[in-house]
Every structure is written in C-alpha cells, then in structure tokens.
Amino acid sequence: MAQDVLNALTLGSLYLLFALGMSLAWGTIGVLNFAHGSIFMFSAFGAHLAVQAVPLPMPAMIAIGVGIGAVLSLAVQVLAFEPIQRRAADAHTAQLQIIVAGIGIAGIPLAVAQYVTRSVPFGYSAGTFEVTVHDLGPVRVTDVQVVILVAALGIAGLIAWWLRAARAGLALRAIGVDAEVAAMMGVDRRRLALLTMAVAGGLAGLAGVLLTYHLGSIAPETGDAFLLKAFAAIILGGVGSIAGVVIGAMVLAGIETLVLVTTSGTWAPAIAFGVLFAMLLVRPRGLLGRMEVRRT
Amino acid sequence: MTTWLSSHAVLVQSTLVSLLLALSIQVPLRAGVFSFAGVGSYAIGAYAAAIMTIRLQVAPVFAIGVGVVIAAVAGYLLALLVARLAGLYLGMATIAFALFLGVVAVNGGELTGGATGLYGAISTLTTGHVVAITGIVVLLLAVSERGAFGRRVDAVREDPQLAVSLGIDVGRVRRRVFVVSGALGACAGGMNSLLRTTVSPETIGFHLVVTALTMIIVGGALSWAGAAIGAVIFTWLPTVLQFVGDWQPVVYGVLVALAAVYMPTGLLGVAQSAWRRARRRGLPADEQDRPQADDPERALAALQEARP
C-alpha cells in the first residue's frame, strides 16, 4: 500500500514536471504547445545519443536533456508561434493556428527518433549511473525516485514563488490577464514569452531524462501519451495555476495507480480522458482556476 | 475514366473517406465550434457497420445507416452536455470523448473484438457507391453554405453575440452542427470498415484527429472545397513523396507547420484572394473604389437577411 502511494507520487511528479511549463505557457502567453510531448521525448533521445558516444554521469545527462528541451522549445516559439501571433487577426484564430502548427512540428522530432531507433525503446545503459535501491521499512525507493520527487516539488514551489514575488513574475501574470494593457504598462512581452517557452522546454527535457532513468527505457511514442495526460492534469487543476497543476498531476496519477492496482488495468488509458471530460462538464475552469476575464 | 478508377480504386476510396471525416470537423468549424466529436463518430460508425455486417449480414446501407443514426443521436446529446464550453476547452472535451471511445473498443469484449478488433466485415459496398454517397453529401453541404442558412452559420461563427441580437438561435445552430458532424463522421467510419473489411482500436486513435485537422487547415477551413483540397493532397502525398523515402513524415510535418504559419486561410483562401485581386486589376480605374465582396455594408445586409 505504502509502495503504491510512493509509485503514484513518482508518476505524479513526472506528470507535474511535464505539465508545469505547458500550463504556464497556456495560462499566460496563450500558447498551447502540442509539440511539447515531442520536445520531451527528443530531449531524452538526445541524451541517449550523447551517452552512446561518451559514458556520462547523471547530472551531465540531465543538463543535456534540459538544454535540448529549452533550445527546441525556443526554436518552435521563434520559428512558428511568434510569426503566427504577429500575423493572426485575433487571439482565437492564433490559438487554433498554434495548435495546428504544434501538431505539424511534433511529427518532425518523432519521425527522426523513430527513423534512428527503428521504433525500438532506448535507454541510458551506456552511462556511468547505476540505480541503487534503498529499503525504508515497508517501501523500496530508488535514488531516481528521490531525484524526481525533489525536482518536481522543488521546481513547482520555485516557480510559484517567482510568479508571486518577483517583478517579472507579476509581469507574466499581467500578460495572462490582458496582454495589450500589460504591454502598455511597459512589459516586454516577447522577452517574457521566450523565457516562459525556454523554461517549459527545459522542464520537458528534465522530465524526459528522469522518466528514462526511472523506467530504464522509453519508446519514441511516449511523448504523445504524456501530452494527453498533461491536458487532463492541467484542466483538472485549472489552466495557469501552479498549485492546480500540482494537484491535477497528483490526483491523475493517484487514480491511475488505483485502477492499475485494483483492476486488470485495461481501462487505465481511459482515466485521463474520463477525468478531463468530467471536469470540463462540472467545472470547466478547473479546481483552482480563475474565471476567464472576457470583454467583447 | 473507368480503367483509371479501377486501377486507383483504393486511393479514391481513402480520399473520399478522408474527405467525409475532414468535413465532420469542418462543418462545426464553419459555425465557430471547435469540435473533434466527428472523430468519435467515426469510431461509432466504423464499429457499428462492422458489427452489423458480421453478426446480422445486413445490406451495407443499413449497416452504415445504423451507425449514422447512433452517431447523430450521440452528437445531439454531446451538444447538450458541452453547451457551456467554447474554444479550446470544447476541443479538449471532444478529443477526450473521441479517445475514450477507443478505450471502450479495447474493453468491449466479444462485441468489439477487444484489442485485435473485428475482421471479415465483407459487404457489397463498391467504389461507385462511395462516390455517389460522397457526391450527395458534398452537394448538400455546398447548398447549405449558400442562402439564408449559410449566412446564419457565418454570423454565428464571426460574432455569436451579434448573431443572438439579430434573432439567430445560436444554441440551435450549434446543436444542428453537432448532429451533422456526427452523421458525417459515422458515414466515413462505416464506409471505411466495410471497404477494408476490418476495424481495430489502432485505426480510430489520435492520428485521426491529426489527419482531419491538417487536411482542413492546409485546404481551407471555411468551405467544403477546402476540405476536398486537403483530402486529395494528404491522401495522394505519400505516392508523390516516395522519392524522400523514410523522411516522408518529416516533410509532412514541415508542410503542415508551414501551412499553419503562412497560409492561415488554407490553399482555398490563397486561391480566392488571388482570384479577387486578379478580378480587381481587370476593372477600369473608376470602378476600383466600388464596394467589394468584403464591404462592411454588404456584410451587414447579409446578416440582416439571415434573420429568420
């Protein structure tokens, strides 16, 4: 039982790392990045290629994953999403185009990774890092799980604090409420948007490398599954709310683990969709989301 | 013509099935409703047609018809459920609905054949039937884009508040759009199952959402013709792109991204604006300032005419 709770928390932390940046970008700069899952997978894949060439320790692998994620995310923002937002007539059409562009771009890293790996799962067995298991009374915890839990909750806390306390955090939240008024008040929208996308991509890369360490190996298609779960976690908690994503990710992982443990598990993939749909029907803005301010 | 048709039968079939699926997303989009329920209806239609054909050996028209009726009813109920949602949230809810049905198909036991799906749905459906059905559907949709009804739908898309103030029942237009979308999706799914004689959970997954959406965006979202352009391009592209070999998905992704960034109105929109410019250049100088198709006054007149 305690072991199941720990596993659920680990899974939830991975969802959280993945969904945190997505939720932030959606709630503030209005970018719902469908290529996020692809960036996540390709960062883990890039680290895999690096470790095949040179046996690297875990911190170096994490740095590579975060770096690749941030660079890819910035590239997508500069090459696709910025031109769309500049050219689109209004925010609604821009959102739709950003989704389609994201879907198109998502196929590119996926195709490259599938071509190179021939769709065989890849891992970091060539690295210098060995997983050690600690027995703590009723539970067995690996040091990878410790890193995942600490990283996820630490980073979520850090971003929540930054949004609340820092001047730039306030500016980013202001963009989320009304981008034009924020720009009139002297907020540099472009710089903050780039920063948000870099952080989101870096977190996706971190989640990708840690997931690969946690599971031993991942397939190129893992990104799509994570993307759909992240939607559920974000909607559940409320778009743009950091505490909301934490709750959403943990609740989703908790329900999934519960279903996996108590049933044969064939319904497990439906949980994310069911939760997403039910939440949108009952409370579309999520558990902790604020009402969308709309002026027409 | 007939020899060409018989040698390319499979390609023609998948083009038309893709067209109907794309239309099931395009019809709601025309009314400003961002719904992927058509993909869920595709799943309903695909399984209903296969089950009816295998178990009861009914004629294809009944097998597909049952799916169409179920999906249209499901579409109506879904429209009532999600009446409060709009924009991306509506898109998310309908994606969740569509993908949930895929998991239901895996868990359906003997009825849906579980993860392996259903085989041997052999029927008398031919390419000619598919061409005829698609032709009728496209004709009806083309008619619905004109006249008072077409203008009413345009008004609902462009400005729902204004449409309400003009006496248009926005809720009713949205519900109708969901029903039509459900019927179109189920028709596409049913025909696909019977043409391929098989259906499995893998054939109704997330990739259908991607395919349908890219077809509409590249072709053009505001008319059936855009969906037709997209369906032709993306069904025939693999045969054209054979020279790039394994890198086909990469080229595909780049094309979709470029289209989304630089051609937001799709190929149809690009062609229409080029046609309009060319016609304007042909007019004498004093006619150039005359009101054109995009004139606000004419748009207003069209909106007022749309009042029932």
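Just so it is clear, the model here is predicted, and its values are computed rather than measured. Throughout, a residue's number is its position along its own chain's written sequence, starting from 1. Lettering for chains starts from A, numbering for ligands starts from 1, and both go in the order in which the items are written. Where totals are concerned, whole chains, interfaces and linings use all residues; where local detail is concerned, this predicted model gives features only for residues with pLDDT of at least 70, and gives and counts side-chain atom pairs only at 80 or more.

Novice: Mind showing me how you'd approach the interface of chain B and chain A here?
Specialist: Interfaces are often sized by the amount of accessible area the parts lose when they come together. A pair of residues counts as a contact when their C-beta atoms, built from backbone coordinates, are separated by no more than 7 Å. Across the contact, 33 residues belong to chain B and 36 residues belong to chain A. By residue number, the principal contributor to the side of chain B that touches chain A is helix 5 (residues 87-106) of chain B, which donates 11 residues. In this text, helices come from DSSP runs of H or I with a minimum length of four residues, and strands from runs of E with a minimum of two, each type numbered from the N-terminal end.

Novice: Could you clarify how one ought to interpret the confidence of the model for chain A in this entry?
Specialist: Where the model shows low pLDDT, its predicted coordinates should not be examined in detail. Looking at chain A, pLDDT values average 89 and 98% of them are 70 or higher. Confidence scores here are pLDDT values: one per residue, from the predictor, ranging 0 to 100. Taken element by element, the predicted model of chain A shows its lowest mean pLDDT in strand 2 (residues 133-136) of chain A (84) and its highest in helix 8 (residues 189-215) of chain A (95).

Novice: It is not clear to me how helix 3 (residues 58-87) of chain A should be interpreted in this structure. Could you clarify?
Specialist: What sets the pattern is the α-helix's 3.6 residues per turn: residues three or four places apart point alike. Take the number of residues in a helix, subtract one, and multiply by 1.5 Å to get its expected span. Helix length check: helix 3 of chain A, at 30 residues, gives a terminal C-alpha distance of 43 Å against a target of 44 Å (1.5 Å per residue), a fit within 8%. Of all the bends found along helix 3 of chain A, the most pronounced is centred on Gln77(A) and spans about 40 degrees. We define the bend at any residue as the angle between the axes fitted to the seven residues before and including it, ending there, and the seven starting there.

Novice: How should the packing of helix 6 (residues 167-177) of chain A against helix 8 of chain A be read in this particular structure?
Specialist: Two quantities define a packed helix pair, namely the angle between the axes and the distance from one axis to the other. All names here are of chain A. Interaxial distance between helix 6 and helix 8 falls to 10 Å at its minimum, and their mutual angle equals 100 degrees. In terms of their interaxial angle, helix 6 and helix 8 are classed as roughly perpendicular. Each of Ala168, Ala171, Leu172 and Ile175 in helix 6 lies in contact with helix 8, whose residues at this interface are Arg189, Leu192 and Thr196. When its residues are assigned to classes, the contact of helix 6 with helix 8 shows 5 nonpolar, 1 polar and 1 charged. To obtain each axis, a line is fitted to C-alpha atoms, and for helices this fit is confined to the stretch in contact; angles are then taken between N-to-C directions over 0 to 180 degrees. Small angles under 35 degrees read as roughly parallel and large ones over 145 as roughly antiparallel, with 65 to 115 read as roughly perpendicular and the rest as oblique. Residues are grouped as follows: Ala, Val, Leu, Ile, Met, Phe, Trp, Tyr, Cys and Pro are nonpolar; Asp, Glu, Lys and Arg are charged; all remaining types, including Gly, are polar.

Novice: Would you mind showing me how to read the pairing of strand 3 (residues 139-142) of chain A here?
Specialist: In the case of a regular strand, side chains alternate between the two sheet surfaces. All names here are of chain A. Pairs of strands are assigned from DSSP output, requiring at least two bridges between the strands. Two elements, strand 2 and strand 3, share 4 bridges in a ladder whose sense is antiparallel. Paired with Asp135 across the bridge in strand 3 is Arg140. Linkage of strand 2 to strand 3, two consecutive antiparallel strands, is achieved through a turn of 2 residues, within which Gly137 is found at a positive phi near 60 degrees.

Novice: I would appreciate a short explanation of the environment of Ala198(A) in the present structure.
Specialist: All names here are of chain A. Position of Ala198 relative to the elements: it lies in helix 8. For Ala198 and Gly69, which are 129 residues apart along the polypeptide, the C-alpha to C-alpha distance reads 7.7 Å. Those residues in contact with Ala198, other than ones at most four positions away along the chain, are Ala70, Ser73 and Leu74.

Novice: Please clarify how the nonpolar core should be interpreted in this entry.
Specialist: As a rule of thumb, nonpolar side chains are buried together in soluble globular proteins. Take the buried Ala, Val, Leu, Ile, Met, Phe, Trp, Tyr and Cys residues, join any whose C-beta atoms are within 7 Å, and the set you get is a nonpolar core. Here a residue counts as buried when 20 or more other C-beta atoms fall within 10 Å of its C-beta, as exposed when 12 or fewer do, and as partly exposed in between; the C-beta atoms come from the backbone. Counting residues in each nonpolar core, the largest one holds 198 residues, and the members touching the most others are Tyr15(A), Ala19(A) and Leu276(A). Element by element, the count of residues in this core is highest for helix 1 (residues 2-28) of chain A, at 14 residues.

Novice: It is not clear to me how the confidence of the model for chain B should be interpreted in this structure. Could you clarify?
Specialist: All names here are of chain B. Considering every residue of chain B, the mean pLDDT works out to 85; 91% of them sit at 70 or more. Of all helices and strands in chain B, the one with the weakest mean pLDDT is helix 14 (residues 296-305) (63), whereas helix 4 (residues 60-81) scores best (94). Interface scoring of the predicted complex returns ipTM 0.83; its pTM is 0.87.

Novice: Hey, could you run me through the environment of Pro201(B) in this one?
Specialist: Residue and element names in this part refer to chain B. You can see Pro201 is positioned in the loop between strand 2 (198-199) and helix 10 (206-219). When the C-alpha positions of Pro201 and Leu118 are compared, they lie 9.4 Å apart, and in sequence the two are 83 residues distant. Residues contacting Pro201, with those up to four places away along its chain left out, are Gly102, Ala105, Val106, Ala115 and Gly117.

Novice: Explain unusual backbone geometry here, please?
Specialist: The bulk of non-glycine residues show a negative phi, and the bulk of peptide bonds are trans. Even without a glycine there, the phi angle at Arg118(A) is positive, about 55 degrees. Inspection of the secondary structure puts Arg118(A) in the loop between helix 4 (91-117) and strand 1 (122-123). The exposed category is assigned to Arg118(A), around which 7 C-beta atoms lie within 10 Å. Even without being glycine, Thr197(B) reaches a positive phi, approximately 60 degrees. Position of Thr197(B) among the secondary structure elements: in the loop between helix 9 (170-196) and strand 2.

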